[in-house]
Amino acid sequence: MIQELDVDGVPTLLAPTGGPMRAGLTFRVGTADETLARSGITHLLEHLALAPLGLADYHVNGATAPVFTTFHMQGSAQDIATFLTSVCANLTELPTGRLDVEKEILRTEHSSRGAAAVDDIPLWRHGARDFGITSYPEWGLSALTADDLRQWAARWFTRENAVLWIAGKAVPAGLRLTLPSGVRQPVPAASSALPQTPAYFVGGSRAVVLDAVVRRRTAASVFAGVLERELYRALRQDGGLSYQTTAGYEPRGDGHATLRALADALPEKQDAVLGGFVDTLAKLRVGRIEQADVDAVVAKREDFLGTAEVDAARLPSYAFNVLTGERNLTVDEHRAELKAVSTDDVHEVAREALDGALLMVPEGHRADWAGFAAAPTRSADTVAGTPYQEKDGDGELHVGVDGVSWLGHGGPLTVRYAECALLLAWPDGARQLIGEDAISMRIEPTMFDLHPGAIRVIDSQVPADRQVVMPARDPARIPQPQGAAAGSGSGSGSARREPVKRSWWEIPLMVVSGLAALTIGGGTFLLTLGMFITETAESDEGWLWGVIAVGWLLTVILALPIVLLRRRRR
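Residues numbered from 1 in each chain as written. Predicted model: local features only at pLDDT ≥ 70, side-chain atom pairs only at ≥ 80, totals over all residues. Heavy atoms only, no water.

Caption draft 1: Here's a closer look at the overall build of the protein chain. Scanning the protein chain for helices and strands turns up 16 helices and 20 strands. Relative to the globule expectation of 25 Å for 570 residues, the C-alpha radius of gyration of the protein chain, 34 Å, shows a markedly less compact shape. Oriented by its inertia axes, the alpha-carbon framework of the protein chain measures out at about 120 × 60 × 45 Å. Per-residue burial for the protein chain yields a buried fraction of 43% across its 570 residues. Excluding contacts between residues fewer than 6 apart, the proportion of contacts in the protein chain whose partners are at least 24 apart in sequence is 74%. Element-wise, carbon and sulfur atoms account for 55% of the exposed surface of the protein chain, whose accessible area totals about 28,600 Å². For the protein chain, the centre of its 54 positive side-chain charges and the centre of its 69 negative side-chain charges are spaced 3 Å apart. (Helix = DSSP H or I, 4+ residues; strand = E, 2+ residues; numbered from the N terminus. Rg over C-alpha atoms; globule rule 2.2 N^0.38 Å. Buried < 20%, exposed > 50% of the residue type's maximum accessible area, 1.4 Å probe, protein only. Contact = heavy atoms within 4.5 Å. Areas by Shrake-Rupley, 256 points an atom, 1.4 Å probe, with all protein chains shown as cover. Lys, Arg positive; Asp, Glu negative; His and termini not counted. Charge placed at Lys NZ, Arg CZ, Asp CG, Glu CD.)

Caption draft 2: Layout of the pairing of strand β6 (residues 162-167). With 6 of 6 residues buried, β6 is to be regarded as a mostly interior element. The alternating pattern of β6 places A162, L164 and I166 on one face and V163, W165 and A167 on the opposite face, and all of these are buried. Summarising the sheet, strand β2 (residues 10-15) and β6 pair through 4 bridges and their orientation is parallel. Residue pairing in the sheet places A15 in a bridge with A167 of β6. Two strands pair when backbone bridges link them, and strand β3 (residues 22-27) and β6 are joined in this way by 6 bridges, in the antiparallel orientation. Counted as the bridge partner of T26 is V163 from β6. (Pairing = 2+ DSSP bridges.)

Caption draft 3: Inspection of the packing of helix α7 (residues 270-285) against helix α12 (residues 343-355) at higher detail. Their axes nearest at 8 Å, the elements α7 and α12 cross at an angle of 130 degrees. Taken as axis vectors, α7 and α12 run oblique relative to one another. On the side of α7, the interface is formed by L281, L284 and R285, while α12 contributes H347, A350, R351, L354 and D355. Within the contact of α7 with α12, the residues separate by chemical class into 4 nonpolar, 1 polar and 3 charged. (Axes fitted to C-alpha atoms, helices over the stretch in contact; angles between N-to-C directions. Parallel < 35°, antiparallel > 145°, perpendicular 65-115°, else oblique. Nonpolar A, V, L, I, M, F, W, Y, C, P; charged D, E, K, R; others polar.)

Caption draft 4: Just unusual backbone geometry, in detail. Going from T197 to P198, the amide bond is cis rather than trans, its omega being 0 degrees. Among the structural elements, P198 can be located in the loop between β6 and β7 (199-202). The phi dihedral of D130 is positive, around 30 degrees, even though this residue is not glycine. Here D130 is to be found in the loop between α4 (121-126) and α5 (146-156).

Caption draft 5: The arrangement of the sheet that holds strand β20 (residues 467-469) in detail. As summarised here, the arrangement of the 4 strands in space is β19-β18-β17-β20, forming an open sheet in which the pairing is mixed. Two strands close off the open sheet at either side, each with one partner strand: β19 (440-443) and β20. If you compare each strand with its neighbour and ignore which way they point, the axes differ by 15 degrees on average. With 5 bridges joining them, strand β17 (residues 420-425) and strand β18 (residues 431-435) adopt antiparallel strand pairing. Bridged to L424 within β18 is Q432. Running at roughly 40 degrees to β18, helix α13 (residues 452-461) makes contact with β17, β18, β19 and β20 of the sheet.

Caption draft 6: Inspection of the environment of G364 at higher detail. By the element assignment, G364 lies in the loop between β11 (358-361) and β12 (373-374). Classification of G364 as exposed rests on a relative accessible area of 75%. Along the chain, G364 and W426 lie 62 residues apart, while their C-alpha atoms are 33 Å from each other.

Caption draft 7: Looking closely at the layout of surface pockets. Within this model, the second largest pocket holds a volume of roughly 310 Å³. As for the second largest pocket, its lining consists of 15 residues, and the residues nearest its centre are A193, P376, T377, D437 and I439. Tallied by class, residues from the lining of the second largest pocket come to 10 nonpolar, 3 polar and 2 charged. (1 Å grid on protein atoms, 1.4 Å probe; cavity = no way out; pocket = protein on both sides within 12 Å on 5 of 7 lines; lining within 4 Å. Points joined across faces, edges and corners; volume = space filled by probe spheres on them.)

Caption draft 8: Fine view of the sheet that holds strand β8 (residues 208-215). Spatially, β9-β10-β8-β11-β7-β12 is the arrangement adopted by the 6 strands of the open sheet, whose pairing is mixed. Strands with a single pairing partner mark the edges of an open sheet, and in this sheet they are β9 (245-251) and β12. Sheet analysis places β9 next to strand β10 (residues 256-263), joined by 7 bridges and oriented antiparallel. Its bridge partner being in β10, A247 is matched across the sheet by A261. Its contacts with the sheet place α7 against β8, β10 and β11, and it is angled at close to 20 degrees to β8.

Caption draft 9: Expanded view of the nonpolar core. Counting residues in each nonpolar core, the largest one holds 44 residues, and the members touching the most others are L210, V222, F223, L227, F277 and L359. Broken down by secondary-structure element, the contributors of at least two residues to this core are β8, α6 (218-238), β10, α7, α8 (291-305), α11 (331-340), α12 and β11. Per-element tally for this core: the top contributor is α6, with 9 residues. Those residues in contact with F277 that sit more than four places away from it in its chain are V208, L210, L231, L235, A261, L262, A263 and L359. (Core = buried A, V, L, I, M, F, W, Y, C linked by side-chain atoms within 4.5 Å.)

Caption draft 10: Structural detail: the packing of aromatic side chains. Following the criterion strictly, the structure yields 7 aromatic pairs and no others. Where Y136 meets W139, the ring centres are 6.0 Å apart and the plane angle is 45 degrees; that geometry is what we call tilted. Accessibility classification places Y136 together with W139 in one group, the buried group. Look at W406 and F448: their rings are 5.9 Å apart centre to centre, the planes differ by 80 degrees, and that puts the pair in the edge-to-face class. Placement of the pair is W406 in strand β15 (residues 403-407) and F448 in the loop between β19 and α13, with a sequence separation of 42 residues. Accessibility assignment for this pair places W406 and F448 in one class, buried. Counting every residue linked through ring pairs, the aromatic cluster contains F27, F71 and F157. Note that R252 overlies the ring of F131, its terminal NZ or CZ placed 5.2 Å from the centroid. (Phe/Tyr/Trp six-rings, centres within 6.5 Å; stacked < 30°, edge-to-face > 60°. Lys NZ or Arg CZ within 6 Å of the ring centre and 35° of its normal.)

Caption draft 11: Representation of the confidence of the model for the protein chain within the structure. When the pLDDT values of the protein chain are averaged, the result is 89; 92% of them are 70 or greater. Here helix α14 (residues 482-486) is the element of the protein chain with the lowest mean pLDDT, 53, and β6 is the one with the highest, 98. Here residues 484-501 scores under 50 on pLDDT; set against residues more than four positions off or in separate chains, the count is 11 contacts. (pLDDT = per-residue confidence, 0-100.)

Shown next, in the form of structure tokens:
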């Protein structure tokens, strides 16, 4: 059984284990609590708390998720006591001397992390806020100060906002959790950037991915297992179209859970995988659910609940429920709820999941044929402001007192200052505005006939706490208009070519040659046509063909000056 204790004012969970002792200290704070302009602050604080511990002969780590941050370790009781005591001490007195070093480590970590198929889904569903922030780089790192981190730690890393869990016989002797007092923080409300669902968007991955938000309940977790079995059977076992077919269910902490399913595909099989994926969803939506699949999923969960390590294995999720205020089930209660799940319950979850579904399809594909609306990639309105013409196109940038709009290819795009989640500012004058709805707009002064005051207007209207100064760019990476680029002398051997000036006689010559070629060519064409539709005496046929040959030759000769002069001009 899981025992509920208290250590230095921190709620503590203890469960027996037959394996190595392990423990974790989990806080109710994550990326969903940040703003995009200060994104990365929780991750940076996690790194700072672990940095002074140096190399260890035991397994230690930290993790920052959307709604929680945890420090965990496996080792002896004494090692665990030393580790967690040190973490709490570092959270209280942050080792800010390593601030710049840890920022660079986090930037390196991000640059070396491979892109996952599901990375973009949060921003399409939620926008550039709360649960959508995980889709973006940690742009806030550069602006974070030691005081920012201390204030963040004082608010979120407190006794009341933490839970300690231990898989072992007892609380390690000497463990001290010297954390400040605070309050339990609620899970942030999830926003939505989708005006209607089910919706779809085109992703950069070769996979097809389903994202759904459902009410948290046992039947929903069973549905995820049933969906995985159906996708495996249809796309891998029977069709041989996919290698990876998965489905997962993850509670969000607010009474709902995120359900995701994925099927990969080779480029030449993407159509078939998308079709098979949609067919599988439609099958479950109309209630064609096999009792054998439900039984198999339930049996697998019951096997887990029957293991000797079940309580120790449940500790992290149990701690999550304590932090978020959601109900924890005993093993017997969980087993009873599993047995009560019917095919009708799974069918109800299928309808709920697909009504609010977001589908990611490979590039070059659509899903409107299956009843999914295209997720918005443009703004519904624009703002009034001073227009600035694009140098290399017919687009127009409007800079106003309420926001900025782009009218041109891919538009309209609008970011209002009051709804701007982030303004990235480069020393060369470039700006990128990202709205809370995830609409993004890059402004390159070199590409517009901008008044010098336009950028100052934007900077003055966006709140300072939403602005991040970016490092200077290599001049070669600053875009230039095509005309300027042609004469920039970049050292690649290209040189600007001056246009060839016409002589006064070129145009008259081209006009005379054109009229003569048109007259003779037209007459020759009519004579050629007459030879085929009119009977001609054999004695006349020979000289007429000669006349035709001469006519076509003269036509070519007369047209030649036009061709040569135009080629010279080019």
